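Residues per chain are reported as follows:
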Amino acid sequence: MSESSAAASVSPGYNIIDAQGLSKRYPGQKAYALEDFTLAIPQGTIFGLIGPNGAGKSSVLKILATLLQPDRGDVYVAGVSVRRNPHKIRYLIGYMPDEYGLYQNMRVAEYLEFFAACYGIHGKRKTRLIGELLELVELDDRRNQELGTLSRGMKQRLCLAHTLVHDPKVLLLDEPAAGLDPPARIELRELLRELSRMGKTIILSSHVLNDVQQMCDTLGIMAHGRLLSYGPTVKVVNQIDKLPRRGIKLRVLSEADLHRAVQVAENFPLLTKRSVHTDPESLTLEALLEGDDRTSAAFLAHLTMSGIFVAQYGQSTARLEELFLKG
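Every value quoted in this text rests on a predicted model; they were computed, and no experiment measured them. (Residues numbered from 1 in each chain as written. Predicted model: local features only at pLDDT ≥ 70, side-chain atom pairs only at ≥ 80, totals over all residues. Heavy atoms only, no water.)

Asks: Would you mind showing me how to read the sheet that holds strand 8 (residues 201-206) here?
Replies: By definition, the strands of a sheet pair up through backbone hydrogen bonds, in either a parallel or an antiparallel sense. With mixed pairing, the six strands of this open sheet are ordered in space as 6-7-8-3-9-10. Where the open sheet ends on each side, the last strands, each with one partner, are strand 6 (93-96) and strand 10 (226-232). Direction aside, the axes of adjacent strands within the sheet are offset by 15 degrees on average. As paired strands, strand 7 (residues 170-174) and strand 8 are joined by five bridges and run parallel to one another. (Pairing = 2+ DSSP bridges. Helix = DSSP H or I, 4+ residues; strand = E, 2+ residues; numbered from the N terminus. Axes fitted to C-alpha atoms, helices over the stretch in contact; angles between N-to-C directions.)

Take a look at the structure:
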(Lines give C-alpha, C1' and ligand atoms only; values in the text may rest on other atoms or scores of the structure.)
Protein backbone atom coordinates (compact mmCIF):
# COMPACT_ATOMS: atom_id res chain seq x y z
CA MET A 1 0.00 0.00 0.00
CA SER A 2 1.36 3.43 -0.91
CA GLU A 3 1.75 6.10 1.77
CA SER A 4 -0.86 8.35 0.15
CA SER A 5 -3.52 5.66 -0.14
CA ALA A 6 -2.88 4.39 3.40
CA ALA A 7 -3.29 7.88 4.82
CA ALA A 8 -6.45 8.53 2.86
CA SER A 9 -8.37 5.47 4.08
CA VAL A 10 -7.88 3.49 7.27
CA SER A 11 -10.00 0.36 7.61
CA PRO A 12 -11.19 -1.13 10.91
CA GLY A 13 -8.57 -3.38 12.53
CA TYR A 14 -5.77 -1.64 10.64
CA ASN A 15 -2.57 -0.99 12.63
CA ILE A 16 -2.50 2.79 12.39
CA ILE A 17 0.83 2.93 14.27
CA ASP A 18 3.66 0.61 13.28
CA ALA A 19 6.96 1.31 15.06
CA GLN A 20 9.87 -0.78 13.86
CA GLY A 21 13.16 -1.04 15.77
CA LEU A 22 13.31 2.54 17.06
CA SER A 23 16.54 3.49 18.81
CA LYS A 24 17.67 6.88 20.10
CA ARG A 25 20.69 8.01 22.09
CA TYR A 26 21.04 11.66 23.05
CA PRO A 27 24.37 13.48 22.59
CA GLY A 28 26.69 13.04 25.55
CA GLN A 29 24.74 10.05 26.93
CA LYS A 30 26.19 6.53 27.05
CA ALA A 31 22.89 4.72 27.49
CA TYR A 32 20.16 4.62 24.87
CA ALA A 33 17.02 6.62 25.70
CA LEU A 34 15.20 4.22 23.37
CA GLU A 35 16.45 0.86 22.16
CA ASP A 36 14.89 -1.45 19.56
CA PHE A 37 11.36 -0.23 20.30
CA THR A 38 8.86 -2.17 18.17
CA LEU A 39 5.08 -1.85 18.52
CA ALA A 40 1.86 -1.97 16.47
CA ILE A 41 -1.31 -0.15 17.60
CA PRO A 42 -4.73 -0.74 15.95
CA GLN A 43 -6.95 2.14 14.91
CA GLY A 44 -9.35 3.41 17.58
CA THR A 45 -7.28 2.08 20.50
CA ILE A 46 -6.52 4.00 23.67
CA PHE A 47 -2.96 2.87 24.34
CA GLY A 48 -0.97 3.72 27.46
CA LEU A 49 2.80 3.79 27.86
CA ILE A 50 3.78 3.47 31.50
CA GLY A 51 7.18 3.54 33.12
CA PRO A 52 9.32 5.52 35.56
CA ASN A 53 10.65 8.93 34.63
CA GLY A 54 13.46 8.46 32.11
CA ALA A 55 12.05 5.19 30.74
CA GLY A 56 11.79 6.55 27.18
CA LYS A 57 8.07 7.35 27.00
CA SER A 58 8.47 10.97 25.94
CA SER A 59 11.10 9.99 23.36
CA VAL A 60 8.56 7.66 21.71
CA LEU A 61 5.94 10.42 21.58
CA LYS A 62 8.38 13.02 20.27
CA ILE A 63 9.48 10.70 17.46
CA LEU A 64 5.84 10.09 16.54
CA ALA A 65 5.25 13.86 16.62
CA THR A 66 8.26 14.43 14.29
CA LEU A 67 10.01 16.52 16.97
CA LEU A 68 12.82 13.98 17.25
CA GLN A 69 14.58 11.85 14.65
CA PRO A 70 15.40 8.24 15.62
CA ASP A 71 18.98 7.08 15.17
CA ARG A 72 17.66 3.77 13.81
CA GLY A 73 14.29 2.38 12.82
CA ASP A 74 11.11 4.07 11.58
CA VAL A 75 7.46 4.60 12.46
CA TYR A 76 4.51 4.51 10.09
CA VAL A 77 1.37 6.48 10.95
CA ALA A 78 -1.52 5.37 8.72
CA GLY A 79 1.15 4.00 6.37
CA VAL A 80 3.16 7.25 6.24
CA SER A 81 6.84 7.18 7.25
CA VAL A 82 7.84 9.57 10.03
CA ARG A 83 11.36 9.67 8.59
CA ARG A 84 10.46 10.29 4.96
CA ASN A 85 7.30 12.43 5.26
CA PRO A 86 7.34 14.40 8.54
CA HIS A 87 5.24 17.21 7.01
CA LYS A 88 2.43 14.81 6.10
CA ILE A 89 2.63 13.18 9.55
CA ARG A 90 1.85 16.52 11.22
CA TYR A 91 -1.59 16.53 9.62
CA LEU A 92 -2.25 13.01 10.88
CA ILE A 93 -1.33 13.56 14.54
CA GLY A 94 -2.25 15.94 17.34
CA TYR A 95 0.41 16.33 20.04
CA MET A 96 -0.05 17.59 23.60
CA PRO A 97 3.26 17.81 25.53
CA ASP A 98 3.53 17.39 29.28
CA GLU A 99 4.15 21.13 29.64
CA TYR A 100 2.15 23.52 27.49
CA GLY A 101 2.55 27.28 27.26
CA LEU A 102 -0.57 29.42 27.61
CA TYR A 103 -0.81 33.20 27.30
CA GLN A 104 -2.65 33.96 30.51
CA ASN A 105 -4.46 37.05 29.14
CA MET A 106 -5.66 35.30 25.98
CA ARG A 107 -9.30 34.24 25.92
CA VAL A 108 -10.41 30.65 25.37
CA ALA A 109 -11.89 31.19 21.90
CA GLU A 110 -8.89 33.27 20.81
CA TYR A 111 -6.58 30.39 21.76
CA LEU A 112 -8.40 27.99 19.43
CA GLU A 113 -8.67 30.65 16.70
CA PHE A 114 -4.87 30.92 16.69
CA PHE A 115 -4.42 27.20 16.04
CA ALA A 116 -7.20 27.18 13.44
CA ALA A 117 -5.36 29.92 11.56
CA CYS A 118 -2.15 27.83 11.69
CA TYR A 119 -3.99 25.14 9.71
CA GLY A 120 -5.58 27.59 7.27
CA ILE A 121 -9.08 27.35 8.75
CA HIS A 122 -10.99 30.65 8.46
CA GLY A 123 -14.43 32.21 8.22
CA LYS A 124 -17.61 30.30 8.96
CA ARG A 125 -15.75 27.00 9.03
CA LYS A 126 -13.52 28.30 11.84
CA THR A 127 -16.48 29.64 13.84
CA ARG A 128 -18.36 26.33 13.52
CA LEU A 129 -15.27 24.27 14.38
CA ILE A 130 -14.44 26.25 17.53
CA GLY A 131 -18.03 25.98 18.73
CA GLU A 132 -17.98 22.21 18.21
CA LEU A 133 -14.64 21.78 20.00
CA LEU A 134 -15.67 23.89 22.98
CA GLU A 135 -18.86 21.87 23.27
CA LEU A 136 -16.91 18.61 23.05
CA VAL A 137 -14.57 19.56 25.92
CA GLU A 138 -17.42 21.22 27.86
CA LEU A 139 -15.95 24.72 27.76
CA ASP A 140 -18.58 26.38 25.56
CA ASP A 141 -19.65 28.62 28.46
CA ARG A 142 -16.02 29.74 28.97
CA ARG A 143 -15.24 31.00 25.47
CA ASN A 144 -14.67 34.61 26.62
CA GLN A 145 -12.82 33.71 29.82
CA GLU A 146 -9.09 34.48 30.17
CA LEU A 147 -6.83 31.42 30.27
CA GLY A 148 -5.20 32.50 33.49
CA THR A 149 -8.50 32.12 35.34
CA LEU A 150 -9.12 28.51 34.27
CA SER A 151 -8.57 25.54 36.58
CA ARG A 152 -5.86 23.03 35.65
CA GLY A 153 -8.50 20.57 34.49
CA MET A 154 -10.06 23.18 32.20
CA LYS A 155 -6.66 24.11 30.79
CA GLN A 156 -5.98 20.43 30.12
CA ARG A 157 -9.27 20.04 28.22
CA LEU A 158 -8.63 23.23 26.25
CA CYS A 159 -5.17 22.01 25.21
CA LEU A 160 -6.73 18.72 24.16
CA ALA A 161 -9.21 20.72 22.05
CA HIS A 162 -6.37 22.50 20.27
CA THR A 163 -4.85 19.13 19.25
CA LEU A 164 -8.18 18.36 17.53
CA VAL A 165 -8.40 21.53 15.42
CA HIS A 166 -7.16 19.83 12.23
CA ASP A 167 -9.11 16.58 12.88
CA PRO A 168 -6.06 14.27 13.29
CA LYS A 169 -6.34 10.49 13.24
CA VAL A 170 -3.93 10.02 16.18
CA LEU A 171 -3.62 11.92 19.47
CA LEU A 172 -0.31 11.88 21.38
CA LEU A 173 -0.75 12.92 25.01
CA ASP A 174 2.30 13.17 27.29
CA GLU A 175 1.27 12.76 30.96
CA PRO A 176 -2.25 14.19 30.35
CA ALA A 177 -3.50 13.41 33.88
CA ALA A 178 -0.52 14.92 35.72
CA GLY A 179 -1.60 17.32 38.44
CA LEU A 180 -5.33 16.74 37.98
CA ASP A 181 -7.61 16.16 40.95
CA PRO A 182 -9.85 13.03 40.97
CA PRO A 183 -12.95 14.71 39.40
CA ALA A 184 -10.81 16.19 36.61
CA ARG A 185 -9.24 12.77 35.94
CA ILE A 186 -12.71 11.26 35.59
CA GLU A 187 -13.69 14.03 33.14
CA LEU A 188 -10.53 13.41 31.13
CA ARG A 189 -11.19 9.65 31.03
CA GLU A 190 -14.74 10.18 29.74
CA LEU A 191 -13.53 12.64 27.12
CA LEU A 192 -10.89 10.21 25.84
CA ARG A 193 -13.53 7.47 25.65
CA GLU A 194 -15.72 9.76 23.56
CA LEU A 195 -12.83 10.55 21.21
CA SER A 196 -12.13 6.83 20.86
CA ARG A 197 -15.76 6.24 19.89
CA MET A 198 -15.27 8.91 17.23
CA GLY A 199 -12.50 6.75 15.72
CA LYS A 200 -9.47 8.55 17.15
CA THR A 201 -6.43 6.51 18.18
CA ILE A 202 -5.00 7.82 21.44
CA ILE A 203 -1.50 7.20 22.79
CA LEU A 204 -0.82 8.55 26.25
CA SER A 205 2.05 8.25 28.70
CA SER A 206 2.14 8.17 32.48
CA HIS A 207 4.26 7.01 35.41
CA VAL A 208 1.11 6.39 37.48
CA LEU A 209 -0.51 2.97 37.04
CA ASN A 210 -4.02 4.03 38.08
CA ASP A 211 -4.14 6.71 35.36
CA VAL A 212 -3.54 4.35 32.45
CA GLN A 213 -5.25 1.34 33.99
CA GLN A 214 -8.60 3.18 34.05
CA MET A 215 -8.22 4.96 30.70
CA CYS A 216 -6.55 2.51 28.33
CA ASP A 217 -7.58 -0.55 26.31
CA THR A 218 -3.98 -1.69 25.88
CA LEU A 219 -0.86 -1.05 27.87
CA GLY A 220 2.90 -1.09 27.35
CA ILE A 221 5.44 -1.12 30.18
CA MET A 222 8.77 0.64 29.56
CA ALA A 223 12.05 0.80 31.46
CA HIS A 224 15.50 1.97 30.34
CA GLY A 225 14.30 2.64 26.80
CA ARG A 226 12.89 -0.83 26.25
CA LEU A 227 9.35 -2.16 25.97
CA LEU A 228 9.10 -4.86 28.65
CA SER A 229 5.50 -5.95 28.16
CA TYR A 230 2.58 -5.11 25.88
CA GLY A 231 -1.02 -6.26 25.53
CA PRO A 232 -4.59 -5.77 26.80
CA THR A 233 -4.56 -3.72 29.99
CA VAL A 234 -6.05 -6.43 32.20
CA LYS A 235 -3.56 -9.02 30.95
CA VAL A 236 -0.53 -6.75 31.40
CA VAL A 237 -1.57 -5.69 34.90
CA ASN A 238 -1.99 -9.35 35.85
CA GLN A 239 1.56 -10.02 34.65
CA ILE A 240 3.08 -7.16 36.62
CA ASP A 241 3.99 -9.13 39.74
CA LYS A 242 5.90 -11.64 37.58
CA LEU A 243 8.37 -8.99 36.41
CA PRO A 244 11.60 -9.39 38.40
CA ARG A 245 12.41 -6.48 40.71
CA ARG A 246 13.59 -6.02 44.26
CA GLY A 247 12.97 -3.32 46.83
CA ILE A 248 16.06 -2.65 48.97
CA LYS A 249 16.30 -1.06 52.42
CA LEU A 250 19.59 -0.63 54.25
CA ARG A 251 21.03 1.23 57.24
CA VAL A 252 24.51 2.71 57.43
CA LEU A 253 26.60 3.98 60.37
CA SER A 254 26.97 7.69 59.66
CA GLU A 255 25.63 10.62 57.63
CA ALA A 256 28.82 10.57 55.59
CA ASP A 257 28.18 6.90 54.75
CA LEU A 258 24.59 7.74 53.77
CA HIS A 259 25.67 10.54 51.45
CA ARG A 260 28.30 8.30 49.87
CA ALA A 261 25.81 5.42 49.60
CA VAL A 262 23.48 7.57 47.48
CA GLN A 263 26.29 8.39 45.04
CA VAL A 264 27.41 4.76 44.81
CA ALA A 265 23.85 3.43 44.46
CA GLU A 266 23.06 5.77 41.58
CA ASN A 267 26.00 4.29 39.64
CA PHE A 268 24.60 0.76 39.92
CA PRO A 269 23.45 -0.24 36.38
CA LEU A 270 20.26 -2.05 37.47
CA LEU A 271 18.98 0.68 39.76
CA THR A 272 15.54 2.03 38.82
CA LYS A 273 16.04 5.68 37.98
CA ARG A 274 14.98 8.18 40.64
CA SER A 275 14.07 5.41 43.06
CA VAL A 276 16.57 6.27 45.80
CA HIS A 277 15.05 7.69 48.99
CA THR A 278 16.91 8.42 52.22
CA ASP A 279 16.03 9.20 55.84
CA PRO A 280 18.96 11.04 57.47
CA GLU A 281 17.43 10.65 60.93
CA SER A 282 17.44 6.84 60.83
CA LEU A 283 20.44 6.67 58.43
CA THR A 284 18.44 4.48 56.02
CA LEU A 285 18.35 4.26 52.24
CA GLU A 286 15.60 2.67 50.11
CA ALA A 287 15.87 1.88 46.40
CA LEU A 288 14.42 -0.32 43.67
CA LEU A 289 16.41 -2.74 41.53
CA GLU A 290 15.45 -4.41 38.26
CA GLY A 291 16.41 -8.01 38.91
CA ASP A 292 16.24 -10.96 41.29
CA ASP A 293 18.11 -12.10 44.41
CA ARG A 294 21.41 -12.16 42.54
CA THR A 295 20.94 -8.51 41.60
CA SER A 296 20.26 -7.70 45.26
CA ALA A 297 23.44 -9.51 46.33
CA ALA A 298 25.45 -7.72 43.64
CA PHE A 299 24.08 -4.38 44.85
CA LEU A 300 25.23 -5.10 48.42
CA ALA A 301 28.68 -6.10 47.13
CA HIS A 302 28.75 -2.90 45.04
CA LEU A 303 28.21 -0.85 48.20
CA THR A 304 30.69 -2.66 50.45
CA MET A 305 33.43 -2.74 47.81
CA SER A 306 33.06 1.02 47.57
CA GLY A 307 33.83 1.36 51.27
CA ILE A 308 30.27 1.79 52.57
CA PHE A 309 29.70 0.30 56.05
CA VAL A 310 26.25 -1.35 55.87
CA ALA A 311 24.82 -2.15 59.31
CA GLN A 312 21.52 -3.68 58.13
CA TYR A 313 20.33 -4.85 54.71
CA GLY A 314 16.97 -6.24 53.60
CA GLN A 315 15.02 -6.81 50.40
CA SER A 316 11.47 -7.47 49.22
CA THR A 317 9.66 -8.10 45.95
CA ALA A 318 8.58 -4.69 44.65
CA ARG A 319 5.21 -4.08 42.99
CA LEU A 320 4.67 -1.89 39.94
CA GLU A 321 3.02 0.80 42.07
CA GLU A 322 6.31 1.05 44.00
CA LEU A 323 8.46 0.90 40.89
CA PHE A 324 6.62 3.71 39.16
CA LEU A 325 6.70 5.76 42.26
CA LYS A 326 3.97 7.72 43.81
CA GLY A 327 2.03 10.06 41.75
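Asks: Teacher, can you tell me more about the packing of aromatic side chains here?
Replies: Between two aromatic rings, the relevant description is the distance of the centres plus the angle of the planes. For the structure on display, the rule yields five aromatic pairs. Between Tyr91 and Tyr119 the ring centres are 5.7 Å apart and the planes differ by 80 degrees, which places this aromatic pair in the edge-to-face class. Here the residue Tyr91 occupies a position in helix 3 (residues 86-92), and Tyr119 occupies one in the loop between helix 4 (108-118) and helix 5 (123-136), the gap between them amounting to 28 residues. We classify Tyr119 as partly exposed; its relative accessible area is 31%. (Phe/Tyr/Trp six-rings, centres within 6.5 Å; stacked < 30°, edge-to-face > 60°. Buried < 20%, exposed > 50% of the residue type's maximum accessible area, 1.4 Å probe, protein only.)

Asks: What am I meant to see in the nonpolar core here?
Replies: In summary, soluble globular proteins display a tendency toward joint burial of nonpolar side chains. Membership of the largest hydrophobic core comes to 44 residues, with the highest contact counts inside it found for Leu160, Leu192 and Leu204. Among the nonpolar cores identified, the runner-up in size contains 31 residues, and Tyr14, Leu34, Leu39 and Leu172 belong to it. (Core = buried A, V, L, I, M, F, W, Y, C linked by side-chain atoms within 4.5 Å.)

Asks: Explanation requested: a negative patch on the surface in the structure shown.
Replies: On the surface, Glu132, Glu135, Glu138, Asp140 and Asp141 cluster together into a patch of negative charge. In this fold, Glu138 is placed in the loop between helix 5 and helix 6 (152-163). For Glu138, a relative accessible area of 56% puts it in the exposed group. (Patch = residues over 30% accessible without salt bridge, like charges linked within 9 Å, V, L, I, M, F, W, Y side chains within 5 Å. Areas by Shrake-Rupley, 256 points an atom, 1.4 Å probe, with all protein chains shown as cover. Salt bridge = Lys/Arg side-chain N within 4 Å of Asp/Glu carboxyl O. Lys, Arg positive; Asp, Glu negative; His and termini not counted. Charge placed at Lys NZ, Arg CZ, Asp CG, Glu CD.)

Asks: Where do I start with unusual backbone geometry in this structure?
Replies: The general pattern is negative phi for most residues beyond glycine and trans for most peptide bonds. The phi dihedral of Asp36 falls on the positive side, at around 50 degrees, and the residue is not glycine. Within the secondary structure layout, Asp36 lies in strand 2 (residues 34-42).

Asks: Honestly, the pairing of strand 13 (residues 284-289) in this entry has me stumped. Any pointers?
Replies: Side chains on a regular strand alternate between the two faces of the sheet. Taking burial as the measure, the six residues of strand 13 include five buried ones, the bulk of the element. Pairing of strand 11 (residues 246-252) with strand 13 involves six bridges; the strand directions are antiparallel. The residue of strand 13 that forms the bridge with Arg251 is Thr284. Inspection of the sheet shows strand 12 (residues 277-279) paired to strand 13 by three bridges, in the antiparallel sense. Paired with His277 across the strands is Glu286, a residue of strand 13. Joining the antiparallel neighbours strand 12 and strand 13 is a turn of four residues, in which Leu283 adopts a positive phi near 60 degrees.

Geometric values such as these leave the question of function open.
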